[in-house]
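Examination of the molecular architecture
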Amino acid sequence: MVSRIECGSRQVFVLRATQLIGLLLINAFVISLSATRVCAAGRPAKAPSLPPPQGNVVRVSDVEGLQQAVRELVSGTTILVEPGEYRLTETLIINGPDNVAIRGASGNRDDVVIRGKGMREKDYGKVEHVIRIRKSVGILIADLTLADSWYHLIQIQGEYGSRNLHVYNVHFLDSGEQMLKGTFNPKTEESADSGLVEYCRFEYTDRSKNWYTNGVDVLLAKDWIVRDNEFIRIRGPVGELCGSAVLFFGGSQGALIERNYFYNCDVAIGAGIFSGELPYAHRGSLIRNNIIYRDEPGGGAGIEVGYTPDYKIYHNTIIQNSFAPYAILYGDNISSGEIYYNLTDGPFQAVDDTLALDPWSPELRQKKAVYRPSGKNPAHLKGNVTNARSDWFVAAQKGDLHLSAGAAEALDKAAPLDLVKDDYDGQPRPAGALSDIGADEYNP
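Residues numbered from 1 in each chain as written. Predicted model: local features only at pLDDT ≥ 70, side-chain atom pairs only at ≥ 80, totals over all residues. Heavy atoms only, no water.

Description of the overall build of the chain
Definition in use: Secondary structure elements are taken from DSSP: a helix is a run of H or I of four residues or more, a strand is a run of E of two residues or more, and numbering for both begins at the N terminus. We call a residue buried when its accessible area falls under 20% of the maximum for its residue type, exposed when it is over 50%, and partly exposed in between, using a 1.4 Å probe and counting protein chains only. Residue contacts are counted whenever heavy atoms from the two residues lie within 4.5 Å of one another. All accessibility values rest on the Shrake-Rupley procedure with a 1.4 Å probe; residue burial counts only the protein chains present in the view.
A count of helices and strands for the chain gives 3 helices and 34 strands. Counting over 444 residues, the chain shows a buried share of 57%. Residue pairs in contact within the chain that sit at least 24 positions apart in sequence constitute 73% of those at least 6 positions apart. Accessible area of the chain: about 18,500 Å², with a carbon and sulfur share of 52%.

This is how it looks when you write it as structure tokens:
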């Protein structure tokens, strides 16, 4: 969405003082304008730098060296990948070592691009995924771009004991199925617990190849955090509704989804949705301070929860410009929870979650008959505003949903919540006083 401006690449040998001053002023203005647009509409373009790696460090600068380093990886090692493009001939499989990392050496995720064969390339050979993690605990993937996989860009296999994955400042681009997938063993219930995904960008250049995709898709696992990310065009082919950009289900628990930006995703956030034979699909989700924006037709609800006891949906902003029927869909049979202080331009809808919200049956979701409440277990609704107008925001037509002074119906209308201390930008909300409805706390 935002082009990076590099201002240090030109060499100017002779400039009069006035020309130099003029050039500096122009560059400063352009940089300031670009930075404002990045922070306003999406997440900040540059994540805070990670500390330097500790322990054993292996540097690689070509694809053969990268693949060999991963094959020979031992616990406590960091692989630093030098800038360049790496077209894999085999999936990078982290199999056994603990507390390891694969990091871009420069800290700029655009400098290192690791590619599979392509999301539409059936002849993927040994590159079915870009990175697969099995039998490993404490893995860091950071500061690089992963692109063009037939299946997943990262798969962490909890069924083999993998857990504690940290994904930081990674650009996920174009996968055939889920971009980040967490799997489990249904018999032993071993799962990929305790993941942390932050400062990442999940994106399709245009659309996925079929409906079976998500940005982050994790089953059964406990205590994941997905925060400060962008999800851009996580959408199926025209006429097909794909899965949620962020989805936790299959008996998962305790997901925290906060301060993310979603742009033209078919469904932004899904918690639970469908459980099969399990008693619930997710328990105890906390969904707060997210911004969801749509300016094209074809989407579902911004947030969907089903088979989900004890959910909390607090202070989200959802603007879909009448291109989706509902802002929030919530189950009222198996599910129970709280929906407080959300700011939307569309209604909420209760559904019998024993009938609807099944991501494996996209044709079912198209039938309006399934979107009917059971009345058994209605959600607790408080302080939501569902008639937001474009003039309530700084630049709604550009996806900038920071509040403006014109949002009188949203300003200082929300009572304090113990679980919402800050806003979408990480700025503190007033302690012990009324705050603003939606993801942003107005700051003139």
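What about the confidence of the model for the chain?
To keep it simple, the criterion reads: You can read pLDDT as the predictor saying how much it trusts each residue, on a scale of 0 to 100.
Across the chain, pLDDT averages 87, with 86% of residues at or above 70. Note on residues 1-40: pLDDT is under 50 here. Beyond four places in sequence and across chains, it has 30 contacts.

Thoughts on the sheet that holds strand E14 (residues 216-219)
Stated formally: Between any two strands, at least two bridges found by DSSP are needed for them to pair. The axes used here are C-alpha line fits, helices contributing only the stretch in contact, and every angle between their N-to-C directions lies in the interval 0 to 180 degrees.
The strand order across the open sheet built from 10 strands is E4-E7-E9-E11-E14-E17-E21-E25-E28-E31, with neighbouring strands paired in parallel fashion. Among the strands making up the open sheet, the edge pair consists of strand E4 (92-95) and strand E31 (348-351). Strand-to-strand twist across the sheet, computed as the mean angle between neighbouring axes with direction ignored, equals 10 degrees. With 4 bridges connecting them, strand E21 (residues 267-272) and strand E25 (residues 303-306) associate as parallel partners. If you follow Ile269 over to E25, its bridge partner there is Ile303.

Description of the pairing of strand E11 (residues 180-183)
Across the two faces of E11 the burial is the same, with Leu180 and Gly182 and Lys181 and Thr183 all buried. In this sheet, E11 lies alongside strand E9 (residues 154-157) in parallel orientation, the contact comprising 4 bridges. From the neighbouring strand, Gln157 faces E11, where its bridge partner is Thr183. Across 3 bridges, the pairing between E11 and E14 is parallel. Opposite Lys181, over in E14, you have Asp217 as the bridge partner.

Here we look at the pattern of salt bridges
Note the cut-off: What counts as a salt bridge is simple: a side-chain nitrogen of Lys or Arg found within 4 Å of a carboxyl oxygen of Asp or Glu.
One pass over the full model with this rule turns up 21 salt bridges. Ionic pairing is found between Asp148 and Arg115, a salt bridge with its closest N-O pair at 2.6 Å. Remark: Arg115 occurs in strand E6 (residues 112-115) and Asp148 occurs in strand E8 (residues 137-149); sequence separation between them is 33 residues. Residue Arg115 is classed as buried on the basis of its relative accessible area, which comes to 19%. As a salt-bridge pair, Arg283 and Asp310 come within 2.9 Å of each other at their nearest N and O atoms. Of this pair, Arg283 sits in strand E22 (residues 282-283) while Asp310 sits in the loop between E25 and strand E26 (311-314), and the two are 27 residues apart along the sequence. Given a relative accessible area of 37%, Asp310 falls into the partly exposed group. One network of salt bridges, with partners in common, ties together Asp228, Glu258, Arg259, Arg288 and Asp422.

Observations regarding helix H2 (residues 63-71)
So the rule is basically this: Regarding the arc, it is the one traced by the directions from the helix axis to the C-beta atoms. What qualifies as a polar contact is a pair of N or O atoms within 3.5 Å, subject to a donor-acceptor requirement within protein and to the restriction that residues adjacent in sequence count only when both atoms come from side chains.
For H2, the complete set of buried residues consists of Val63, Leu66, Gln67, Ala69 and Val70. Projected down its long axis, H2 carries its buried residues within an arc of 160 degrees, all on one side. The exposed residues of H2 that point more than 90 degrees off its buried face are Glu64 and Arg71. Summarising the contacts, the buried residues of H2 are in contact with strand E1 (56-60), strand E2 (77-81), strand E3 (84-87), E4, strand E5 (100-104) and E6. Where H2 begins, one side-chain oxygen reaches toward the backbone nitrogen of Glu64, 3.3 Å away; that side chain belongs to Asp62.

Some points on the environment of Gly438
Among the structural elements, Gly438 can be located in the segment after strand E34 (400-403). Gly438 sits in the buried class, given a relative accessible area of 0%. For the pair Gly438 and Leu401, spaced 37 residues apart in the sequence, the C-alpha separation amounts to 9.5 Å. When residues no more than four places from it in sequence are discounted, the contact partners of Gly438 are Asn289, His315, Asn316, Thr317, Tyr341, Leu343 and Arg429.

Digging into the side chain of Thr183
Among the secondary structure elements, Thr183 is positioned in strand E11. One polar contact links Thr183 to Glu159, side chain to side chain, over a distance of 2.7 Å. Filtering out sequence-adjacent residues up to four positions away, Thr183 remains in contact with Gln155, Ile156, Gln157, Gly158, Glu159, Ser191 and Ala192.

Topic: unusual backbone geometry
Positive phi, normally seen in glycine, also occurs at Lys135, with a value near 60 degrees. Structurally, Lys135 can be placed in the loop between strand E7 (131-134) and E8. The backbone phi angle of Asp148 is positive, close to 65 degrees, even though this residue is not glycine. A relative accessible area of 17% places Asp148 in the buried class.

Section: the packing of aromatic side chains
Stated formally: The rule is short: rings of Phe, Tyr and Trp, with Trp giving its six-membered ring, pair when the centres are within 6.5 Å, and they are stacked under 30 degrees, edge-to-face over 60, tilted in between. Criterion for a charge above a ring: Lys NZ or Arg CZ within 6 Å of the ring centre, and within 35 degrees of the ring normal.
Evaluation of the coordinates by the stated rule reveals 12 aromatic pairs. The interplanar angle of 25 degrees and the centroid separation of 5.8 Å between the aromatic rings of Tyr124 and Trp150 together place this pair among those described as stacked. In this pair, Tyr124 is assigned in the loop between E6 and E7 and Trp150 in the loop between E8 and E9, connecting sequence segments 26 residues apart. Neither residue differs from the other here; Tyr124 and Trp150 are each classed as buried. With a centroid separation of 5.4 Å and 20 degrees between ring planes, the pair formed by Tyr314 and Tyr340 is classed as stacked. Here Tyr314 is found in strand E26, whereas its partner Tyr340 is found in strand E29 (residues 337-340), with 26 residues between them in sequence. For Tyr340, a relative accessible area of 5% translates into the label buried. Ring pairs connect the aromatic residues Phe172, Phe202, Phe231 and Phe262, which therefore count as one cluster. Sitting over the face of the ring of Trp150, Lys209 holds its NZ or CZ atom 3.1 Å from the ring centroid.

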